[in-house]
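One-letter residues, chain by chain:
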Amino acid sequence: MTSIDLRSDVMTLPTQGMLRAMTNAPLGDEQEREDPTVLRLEEELVELLGQEAAVFVPSATMANQLALLCQVQRGQEILGEQHSHMFRYEAGGPAFLAGAVVTGLNGDAGVFTGDDVRRIAQVRDSEHRPRTAMAVVEDTHNVSGARVWPLGALDELYDTCAELGLAVHIDGARVFNAAVAQRVPVARITGRAQTVAVCFSKGLGCPAGAALVGRADVLAPARRLRQMLGGSLRQAGVLAGAARYALAHHVDRLATDHALAREFADRLAEADLPVDPGTVETNFVFMDLSATGLSRDAARERLAQEGVLWSNAHHPGVLRAVTHLNIGAADIATAADRTIRAIRAARED
Ligand SMILES: Cc1ncc(COP(=O)(O)O)c(C=O)c1O
């Protein structure tokens, strides 16, 4: 029996078409700005995101940390939803690398408001309080279930930050999912930010690669800082070729991942499993076992024995399944059968 792997959209393997694009990509030394595929990718990203400059990097984590190093001074504060990937899952990078003070805000499905920022931000120099430099928007928001920032809330945040003189950084590791779910060009989400991190190795299906995109003046030191972090690659066109292929072929199809996630959630909810389809906005499905008396580790093991792989979500008692490029409609039908069987069996144990 082959397991259906729903642990994460980072598990995707490159398609034949992507491998061909990687093999055929013209290459050069990217540190010397001689890799034509990286140069072309950066131009495309600037256009697509409604921005001015772009820097290719190996991972979204590096893109996020680079965004801080470019525009936050040591001892300054950054605000964002308290469970943001940058704050909780990047090994303390904001403190260790940029020397930033991180203040986590309560969010609703990952979303906070301009008023939340206004209440906390210190926008003038103070002898006591750290000056606030930036607000971080994670769209989609991982820990809350790949939820999408409503455009109205985003506009309000941009307006508030512009008024207060704060930068906005979008952690857009899954921002193409957000744009597809909202049926808007991605620039509608990213165009007003100072910096945006995008990632190619999640729903877009590349083996590696990300970029920091943003205002030209903000990104002026980015290449030097990337060199300092060890993120300047040589023939990076092999990866940029995959990314260019993904932008051309794997963005619109994210709608299929979203539809399959919703279908999966509907099936599980109809079978009385603790899944709320109403929270499925993109490609994550959560199953909250906390009220069932089942241990999630035991349940996850049972699911794996039945041939469907879930992962632990951030919140205790919650399991996560993610649809992606390598998962089709037949996989979802089988994964739903297996999940229902496994959880029923675990309940009877
Ligand atoms: C919202 C978000 N930002 C950033 C990252 C970091 O991505 P990477 O693993 O490419 O560094 C992730 C990874 O899951 C993420 O979910």
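Residues numbered from 1 in each chain as written. Predicted model: local features only at pLDDT ≥ 70, side-chain atom pairs only at ≥ 80, totals over all residues. Heavy atoms only, no water.

Draft legend 1. Molecular detail of the pattern of salt bridges. Enumeration according to the criterion identifies 22 salt bridges in this entry. For Arg-234, the salt bridge goes to Asp-29, with nearest N and O atoms at 2.9 Å. One end of the pair, Arg-234, is in the loop between helix H10 (222-228) and helix H11 (237-249); the other, Asp-29, is in the loop between helix H1 (16-24) and helix H2 (36-49), and 205 residues separate them in sequence. On the accessibility criterion, Arg-234 (40% relative accessible area) is partly exposed. As a salt-bridge pair, Asp-266 and Arg-262 come within 3.7 Å of each other at their nearest N and O atoms. Of this pair, Asp-266 and Arg-262 both sit in helix H12 (residues 254-270), separated by four residues, roughly a single helical turn. Using a relative accessible area of 29% as the deciding quantity, one classes Asp-266 as partly exposed. Among the charged side chains, a salt-bridge network with shared partners connects Glu-30, Arg-33, Glu-42, Arg-223 and Arg-226. (Salt bridge = Lys/Arg side-chain N within 4 Å of Asp/Glu carboxyl O. Helix = DSSP H or I, 4+ residues; strand = E, 2+ residues; numbered from the N terminus. Buried < 20%, exposed > 50% of the residue type's maximum accessible area, 1.4 Å probe, protein only.)

Draft legend 2. Region of the structure containing the site of the ligand. Surrounding the ligand, one finds 13 residues, the nearest of these being Thr-61, Asn-142, Asp-171, Arg-174 and Lys-202. Measuring from an oxygen atom of the ligand, one finds a backbone N or O atom of Ala-60 at 3.1 Å. Within the side chain of Arg-174, one N or O atom sits 2.9 Å away from an oxygen atom of the ligand. If the ligand stood free it would expose 390 Å²; the protein chains cover 82% of that surface. A molecule is said to occupy a pocket when more than half its atoms come within 2 Å of that pocket's grid points, and by this definition the ligand occupies the largest pocket. Sorting elements by how many residues they give to the shell around the ligand places helix H3 (residues 60-71) first, with three residues. (Near = heavy atom within 4 Å. Polar contact = N/O pair within 3.5 Å; in protein donor to acceptor, adjacent residues only side chain to side chain. Areas by Shrake-Rupley, 256 points an atom, 1.4 Å probe, with all protein chains shown as cover. 1 Å grid on protein atoms, 1.4 Å probe; cavity = no way out; pocket = protein on both sides within 12 Å on 5 of 7 lines; lining within 4 Å. Sits in = over half its atoms within 2 Å of the grid points.)

Draft legend 3. Quick peek at H1. For H1, the complete set of buried residues consists of Gly-17, Met-18 and Met-22. Along the axis of H1, the buried positions cluster into a sector of 140°, meaning they face one direction only. Residues of H1 that are exposed and angled more than 90 degrees away from the buried face: Gln-16, Arg-20, Thr-23 and Asn-24. (Arc of directions from axis to C-beta.)

Draft legend 4. Main features of the packing of H12 against helix H14 (residues 329-348). Where H12 contacts H14, the axes come no closer than 10 Å and their chain directions differ by 25°. Viewed along their axes, H12 and H14 adopt a mutual orientation that is roughly parallel. Crossing hand, H12 versus H14: right-handed. Contacts from Leu-260, Phe-264, Arg-267 and Leu-268 in H12 reach Ala-329, Ile-332, Ala-333, Ala-335, Ala-336, Asp-337, Thr-339 and Ile-340 in H14. Tallied by class, residues from the contact of H12 with H14 come to nine nonpolar, one polar and two charged. (Axes fitted to C-alpha atoms, helices over the stretch in contact; angles between N-to-C directions. Parallel < 35°, antiparallel > 145°, perpendicular 65-115°, else oblique. Left-handed = near helix turned anticlockwise from the far one by under 90°. Contact = heavy atoms within 4.5 Å. Nonpolar A, V, L, I, M, F, W, Y, C, P; charged D, E, K, R; others polar.)

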